[in-house]
Amino acid sequence: MKGYVGIKTPEEYTVESLYELMQREGKFELPYEISGQGMMQTIQFPLNGNNVIQIAARKKSISVSVAKANKLKDVAIWAITDGWSDVFDRSKKDNQGLLETVAAEIRRITSGK
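Residues numbered from 1 in each chain as written. Predicted model: local features only at pLDDT ≥ 70, side-chain atom pairs only at ≥ 80, totals over all residues. Heavy atoms only, no water.

Caption draft 1: Geometry of the sheet that holds strand E4 (residues 51–68). The sheet built from 4 strands is open, its strands ordered E1-E4-E3-E2 with antiparallel pairing. If you trace the sheet from one side to the other, it starts and ends with strand E1 (4–13) and strand E2 (33–35), each paired once. Here the strands of the sheet are splayed against their neighbours by 40 degrees on average, with no regard to which way each runs. Inspection of the sheet shows E1 paired to E4 by 6 bridges, in the antiparallel sense. Across the sheet, Val 5 pairs through a bridge with Val 64, a residue of E4. Set on the sheet, helix H1 (residues 15–25) makes contact with E1, E2, strand E3 (42–46) and E4; between it and E3 the angle comes to about 45 degrees. (Pairing = 2+ DSSP bridges. Helix = DSSP H or I, 4+ residues; strand = E, 2+ residues; numbered from the N terminus. Axes fitted to C-alpha atoms, helices over the stretch in contact; angles between N-to-C directions. Contact = heavy atoms within 4.5 Å.)

Caption draft 2: Region of interest: the pairing of E3. Most of E3 sits out of view: 4 of its 5 residues are buried. Pairing geometry for E2 and E3, over 3 bridges, is antiparallel. Note that in E3 the partner of Glu 33 across the bridge is Gln 44. Counting the residues in the hairpin turn of E2 and E3 gives 6 residues, including Gly 36, whose phi is positive at 85 degrees. Relative to E4, E3 is paired through 4 bridges, and the arrangement is antiparallel. Across the sheet, the residue bridging to Pro 46 is Val 52, located in E4. (Buried < 20%, exposed > 50% of the residue type's maximum accessible area, 1.4 Å probe, protein only.)

In short, shape yes, function no, at least from these values alone.
Below is the structure:
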């Protein structure tokens, strides 16, 4: 599936422990930060436009995906264009290379598959 990479890890991670590992051992070209709270907490890499690479960690599973940074703005644009904004939005496809690069580095530092 485009725009998403799932990683299974030998150890359990939380968003906080993964963030600390990323800071300590990761080599990322993009800036990143923790966003959200509780179950909605993720690590985000801001991208151009209205997109982010979003990383969620739970137990031995990490998901890396391209998501909308501002969902309210995205819904408004979708409503104004009667859904056609999704047809012309190439941003997920354009960011696939960055997503795969970030996922590869996450795999490397966590020994994930």
